[in-house]
Amino acid sequence: MKQLKHLLCLVVIIIVVSCTSDKKSTTKVDVPTTETKDPTTTPPPTITTTANTRTSAGINTAAGEAYMTGREKEMIKEINLIRSNPKGYIPIVEKFREQLKQTDFVDPNQINMEMEAVNSLVSELSALEPLSILKPRQVLHNTAKNHGLELKSNNRTGHNGMNGSWPWDRIQKDDPEAGPSGENLVGGVPGVRDAVLTLLVDTGIPGYGHRKNLLDPRWEYVGCYEVDQVTDLKHYWVQNFMKLK
């Protein structure tokens, strides 16, 4: 099994990039890229429901949205699972940490980076109170979709559009009611939960920018779009976040 994981580490590339702005800007943002572990598909443990945990129906805000795929709805539910009960999500992160310890990495220093990131996440979740539950917004979904399809058709990755636009440019152009906004990108991770965990742990990313987007208390709406493949990365995701003006 470890030999298989080691082999997958050689061929799987995970790209995660985050971008956030409070307003329209022309300031260029560095685009971080990381090559890392083979994502695990072992099901994490079930979270124990407590009095402070919001119901499954309450966090499954995209359930009735016909324009989304099942996996896109699943991703929004997973994000809301974290936000609705950050402390309750810690067992999932701890299970992920144990799986990392069993992984053979190409770079032997990678495991230390992984443990540092996971441990910081556990500390952050332990101190975090419940956040706003994010609602789907079709115009935001369409903005994510259009960017994802443009990346695919041009065989490239990144936040910049072909016209030089940044995420907040596209979001505000499509939705005049949009205020602060942000974007995460991740590719090469088959499982929905594993893709979210990759962004949440955010190994090797200065300032944990993707984690900050997922846990930003300002957000009210989310749009998640999955592209089948961008460059050589399958399961490429565009996550857009925003609040109204």
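Just above sits the structure.
From a predicted model like this one, the values you see are computed outputs, not experimental measurements. (Residues numbered from 1 in each chain as written. Predicted model: local features only at pLDDT ≥ 70, side-chain atom pairs only at ≥ 80, totals over all residues. Heavy atoms only, no water.)

## Details of the pattern of salt bridges
Note the threshold: Take a side-chain nitrogen of Lys or Arg and a carboxyl oxygen of Asp or Glu: if they are within 4 Å of each other, that pair is a salt bridge. Only DSSP runs of H or I with at least four residues qualify as helices, and only runs of E with at least two residues qualify as strands; both kinds are numbered from the N terminus onward. Here's how the labels work: a residue is buried when its accessible area is under 20% of the maximum for its type, exposed when over 50%, partly exposed in between, all with a 1.4 Å probe on protein chains only.
Taken as a whole and judged by the stated rule, the model has 11 salt bridges. The partner of R137 in a salt bridge is D175, and the shortest N-O contact between them spans 2.7 Å. Of this pair, R137 sits in the loop between β2 (135-136) and α6 (138-153) while D175 sits in the loop between α7 (167-174) and β3 (178-187), placing them 38 residues apart in sequence. Considered together, R137 and D175 belong to a single accessibility category, that of buried residues. R170 is the partner of E183 in a salt bridge, and the nearest nitrogen-oxygen pair spans 3.3 Å. With E183 in strand β3 and R170 in helix α7, the pair connects residues that are 13 residues apart, well separated along the chain. For the residue pair E183 and R170, the accessibility class agrees, reading buried in each case. Residues joined in a network through salt bridges with shared partners are R137, D175 and E177.

## Regarding unusual backbone geometry
Even without a glycine there, the phi angle at N155 is positive, about 55°. Topologically, N155 is positioned in the loop between α6 and α7. Taking the relative accessible area as the measure of exposure, N155 reaches 54% and is therefore exposed. The phi dihedral of D202 falls on the positive side, at around 65°, and the residue is not glycine. Looking at the secondary structure, you find D202 in the loop between α8 (192-201) and α9 (209-214).

## Re the nonpolar core
Our working definition: In this text, buried Ala, Val, Leu, Ile, Met, Phe, Trp, Tyr and Cys residues form a nonpolar core when linked through side-chain atoms within 4.5 Å. We call two residues in contact whenever any of their non-hydrogen atoms come within 4.5 Å of each other.
M75, I79 and V93 are the most contacted members of the largest nonpolar core, which has 38 residues in total. Within the residue set of this core, elements represented by two or more residues are α3 (70-84), α4 (90-101), α5 (110-126), α8, β4 (221-230) and β5 (233-244). At 7 residues, α8 tops the list of elements feeding residues into this core. Excluding its chain neighbours within four sequence positions, the residues that come into contact with M75 are V192, A195, V196, C224, W237 and Q239. L151, Y225, V227 and L233 belong to the second largest nonpolar core, which has 9 residues in total.

## Re the packing of aromatic side chains
The condition that has to hold: Each aromatic pair joins two rings of Phe, Tyr and Trp (for Trp, the six-membered one) with centres within 6.5 Å, and gets the label stacked for planes under 30 degrees apart, edge-to-face for over 60, and tilted for any other angle. The rule is short: NZ of Lys or CZ of Arg within 6 Å of the ring centre and within 35 degrees of the ring normal puts a charge over the ring.
For the structure shown, the criterion picks out 2 aromatic pairs. Arranged with centres 5.9 Å apart and planes meeting at 10°, the rings of W166 and W168 form a pair that is stacked. Neither W166 nor W168 differs from the other in exposure class; each is buried. Seen from their ring centres, W219 and F241 are 6.1 Å apart, and the 15° between their planes marks the pair as stacked. Pair noted here: W219 is in the loop between α9 and β4 and F241 is in strand β5, with a separation of 22 residues, a long-range link. Exposure class is identical for W219 and F241. Each is buried. The ring of Y208 carries R211 above its face, with NZ or CZ at 3.9 Å from the centroid. One residue, R218, lies across the ring of W219, its end atom 4.8 Å from the ring centre.

So yeah, pure geometry; function would need other evidence.
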